[in-house]
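Chain residues, written in single-letter form:
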Amino acid sequence: MESLRPFLDGLEEGVLFLDRNRCIIAINRAASRMIGQDCDAVIGQFCPGLFNGTECARACAAREDCALIPTRDQQTRMLDLAMDRPDGVQIILRMWAVLLSDEAGLERYAIILRDRTREALLEEEARERLRLGGMIGHSPAMRELFRAIMRAAISNATVLIQGESGTGKELIAKALHDNSTRSKGPYVRVHCASFPDTLLESELFGHVKGAFTGARSDRIGRFEAAHGGTILLDEIGEISPVTQVKLLRVLQEREVERLGENKPRTVDIRIVTATNRDLAAMVRQGRFREDLYYRLNVLPIQAPPLRERLGDVPLLVEVLLEELSQQYGRDGVRFSGEAMAILNDHDWPGNVRELGNVLEYALVHSLGRVIRPEHLPMGALKKIAPSGKRAFAAAEPSSRKVAHYYRKTSDESERKRILDALRETGGNKVLAAEKLGMSRTTLWHRLKRYGMDKGCDSGQDDREKFS
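Residues numbered from 1 in each chain as written. Predicted model: local features only at pLDDT ≥ 70, side-chain atom pairs only at ≥ 80, totals over all residues. Heavy atoms only, no water.

**What to know about the overall build of the chain**
Across its full length, the chain carries 19 helices and 21 strands. A burial count over the chain gives 45% of its 467 residues as buried. A separation of at least 24 residues holds for 59% of the contacts in the chain among residues at least 6 apart in sequence. Of the roughly 24,500 Å² that the chain leaves accessible, carbon and sulfur atoms contribute 49%. (Helix = DSSP H or I, 4+ residues; strand = E, 2+ residues; numbered from the N terminus. Buried < 20%, exposed > 50% of the residue type's maximum accessible area, 1.4 Å probe, protein only. Contact = heavy atoms within 4.5 Å. Areas by Shrake-Rupley, 256 points an atom, 1.4 Å probe, with all protein chains shown as cover.)

Structure (structure tokens):
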């Protein structure tokens, strides 16, 4: 060992040598520096005791052996852990082990340590730049959303958040509140669609004793409860015409009247509304008051669907899978490359909510640390056709029958198939998508992939036909 000392002390990685009983028999300078103890002080120590309280020590105790030693079907077993040194400094270490045997066949361990403290801090800073509240993303659509939220946060104006189900409209509202001057005030959410009309008025405005059958005492409404803070009226498109009139007065006067009394009460609130409906269309149809719509739509924010930010899918998978892994007690679970390719190629009509459901399904149906295609809910993503080729099976409107689209084994053959469909339909992408048996969004992604999104053979930009 002493003949190797100059080599070992010249390494950036720390090395701990253990005997079969997991006691430290040698240590290099890098390891001594990382753990904050002199070499002589740790010789003879029981290695798990050196990392007492960490996941590594707990795993060793449960296994009664070095938990870092890989099993026969593993090449390496790595573990990242946070360790508190004797000087009070916390360090992030990446650890793995190598099983050694001497000429007599006596087994020993070499534990390799790599200091990831600075790397982990940089990763955390990067993640924070990609986050706003509970939202995460680095796509242009998400960066624009973050900017819109921060611009709206400095104002007290009413905000209307519109977007499909599952796009995180409530997360946007919460981020608005948390980044505003009202962040220390209450944040109250009302899901308007979950209450019948008669109960919704009582929930919003409150009531006095005897206002209606069952009103046995006075009760403040959600508007009063949000005084000094923010109230989110989720699914605002579901409220009745009567409630629309009363809400209009709150927006104009910042006053509420409890049911059963005629005493106005002033409220200091910021109103944020959210809906997956097209309120402008509802106004044209006479189903939503025009004056209320313009009062609500002072600062509009659009929540982008996941299909418009598919580049965020790997990042979302990483974050959501980490949360689910903690929930299910499954550390170190990851997606295989083939399974991740399936996720990246899906249109996600249910948006981030659908992605979360798919990840939970996959985690439940996988037994090991790697999630493979067979663990995914293939009926909702991609199916294997009898010929062995993949068939797209994303949800399509029930009113339209769409044949399965079998992807070719090469990009060139797929490109040719798309070109043929466009020629046969005169460049109409809507008809071409139907002919190919894929959604319009999927066709658009394929055109972008092959550099065909600027037009067909004629060179004419045909994107307006999607509207």
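From this point, the discussion proceeds with the structure in view.
**Let's talk about the pairing of strand β12 (residues 230-234)**
Looking along a regular strand, one sees side chains alternate from face to face of the sheet. With respect to burial, β12 is a largely interior element, 5 of its 5 residues being buried. Of the two faces of β12, the one lined by Thr230, Leu232 and Asp234 and the one lined by Ile231 and Leu233 are each fully buried. As paired elements, strand β9 (residues 187-191) and β12 share 5 bridges and run parallel to each other. Bridged to arginine 189 within β12 is leucine 232. Examined bridge by bridge, β12 and strand β15 (residues 270-275) share 5 bridges and lie parallel to one another. (Pairing = 2+ DSSP bridges.)

**Points about the confidence of the model for the chain**
In this model, the chain carries an average pLDDT of 81, and 84% of its residues clear a pLDDT of 70 or more. Element-level mean pLDDT values for the chain span from 34 in strand β21 (residues 405-406) up to 97 in strand β8 (residues 159-162). Scored below 50 in pLDDT, residues 455-467 shows 25 contacts in the model against residues more than four places distant or in partner chains. (pLDDT = per-residue confidence, 0-100.)

**A few points about the environment of arginine 369**
Position of arginine 369 among the secondary structure elements: in the loop between α16 (351-365) and β18 (370-371). Classification of arginine 369 as partly exposed rests on a relative accessible area of 46%. Residues arginine 369 and arginine 334, 35 residues apart in the sequence, show an inter-C-alpha distance of 6.2 Å. Those residues in contact with arginine 369 that sit more than four places away from it in its chain are Asp331, Gly332, Val333 and Arg334. A distance of 2.6 Å separates the side chain of arginine 369 from the backbone oxygen of aspartate 331, its partner in a polar contact. (Polar contact = N/O pair within 3.5 Å; in protein donor to acceptor, adjacent residues only side chain to side chain.)

**What to know about the nonpolar core**
Judged by nonpolar contacts, the single largest core of 28 residues is most densely connected at Phe223, Ile231, Leu233, Ile236 and Phe288. When contributions to this core are tallied by element, the ones reaching two or more residues are β9, α9 (197-205), β12, α11 (241-253), α12 (279-284) and α13 (290-296). In terms of residues, this core owes the most to one element, α11, which gives 4 residues. Beyond its immediate sequence surroundings of up to four residues, isoleucine 236 is in contact with Leu160, Leu247, Thr273, Ala274, Thr275, Leu279, Phe288 and Leu296. Grouped together as the second largest cluster of nonpolar side chains are 27 residues, Val313, Leu315, Ile342 and Leu343 included. (Core = buried A, V, L, I, M, F, W, Y, C linked by side-chain atoms within 4.5 Å.)

**Observations concerning the sheet that holds β12**
Backbone-to-backbone hydrogen bonds join strands into a sheet, with any given pair of strands oriented parallel or antiparallel. With respect to topology, 5 strands assemble into an open sheet ordered β9-β12-β15-β8-β16, the strand pairing being parallel. Only two strands of the sheet have a single partner each, and these edge strands are β9 and β16 (299-302). For this sheet, the mean angle separating the axes of adjacent strands, direction not counted, is 20 degrees. Taken strand by strand, helix α8 (residues 169-178) contacts β8, β9, β12, β15 and β16, and its axis lies near 150 degrees from that of β8. (Axes fitted to C-alpha atoms, helices over the stretch in contact; angles between N-to-C directions.)

**Quick notes on α16**
Over its 15 residues, α16 runs 22 Å from end to end, which matches the ideal 21 Å to within 8%, given 1.5 Å per residue. Looking at α16, one finds that the buried residues are Asn351, Glu354, Leu355, Gly356, Val358, Leu359, Ala362 and Leu363. Contacts made by the buried residues of α16 are with α14 (313-328), β17 (334-335), α15 (337-344) and β18. (Expected span 1.5 Å × (residues − 1).)

**Focus on the environment of glycine 166**
By the element assignment, glycine 166 lies in the loop between β8 and α8. Residue classification places glycine 166 among the buried positions, given a relative accessible area of 8%. Once the C-alpha coordinates of glycine 166 and glycine 350 are considered, the two residues, 184 residues apart in sequence, prove to be 6.0 Å apart. If sequence neighbours within four positions are ignored, glycine 166 has contacts with Gly350, Asn351, Val352 and Arg353.

**As for the packing of aromatic side chains**
Tallied over the full model, the rule gives 2 aromatic pairs. Considering the side-chain rings of phenylalanine 205 and phenylalanine 223, the 5.4 Å spacing of their centres and the 50 degrees angle between planes classify their relative orientation as tilted. Taken together, the positions of phenylalanine 205 in helix α9 and phenylalanine 223 in helix α10 (residues 222-225) put the pair 18 residues apart, joining distant regions of the chain. Here the two residues phenylalanine 205 and phenylalanine 223 agree in accessibility, since each one is buried. Just above the ring of tyrosine 187 sits the side chain of lysine 174; from NZ or CZ to the centre is 5.6 Å. (Phe/Tyr/Trp six-rings, centres within 6.5 Å; stacked < 30°, edge-to-face > 60°. Lys NZ or Arg CZ within 6 Å of the ring centre and 35° of its normal.)

**Comments concerning the side chain of serine 180**
Locating serine 180 in the fold gives a position in the loop between α8 and β9. For serine 180, the side chain forms a polar contact with the main-chain nitrogen of arginine 182, separated by 3.1 Å.

**Considering the pattern of salt bridges**
If the charged atoms of two oppositely charged side chains come close together, the side chains can form a pair. Using the criterion set out here, one finds 24 salt bridges in the structure. Across the pair arginine 94 and aspartate 80 runs a salt bridge, and its minimum N-O distance is 2.8 Å. On the criterion of sequence distance, the pair formed by arginine 94 in strand β4 (residues 90-101) and aspartate 80 in strand β3 (residues 79-84) is long-range, its members being 14 residues apart. For aspartate 80, a relative accessible area of 33% puts it in the partly exposed group. Where glutamate 203 meets arginine 222, a salt bridge forms, and the shortest distance between an N and an O atom there is 3.0 Å. A residue pair is termed long-range when its members are at least 10 positions apart, and glutamate 203 in helix α9 and arginine 222 in helix α10 qualify at 19 residues. We classify arginine 222 as partly exposed; its relative accessible area is 22%. Several salt bridges converge on common partners, so that one network encompasses Asp80, Arg94 and Arg116. (Salt bridge = Lys/Arg side-chain N within 4 Å of Asp/Glu carboxyl O.)

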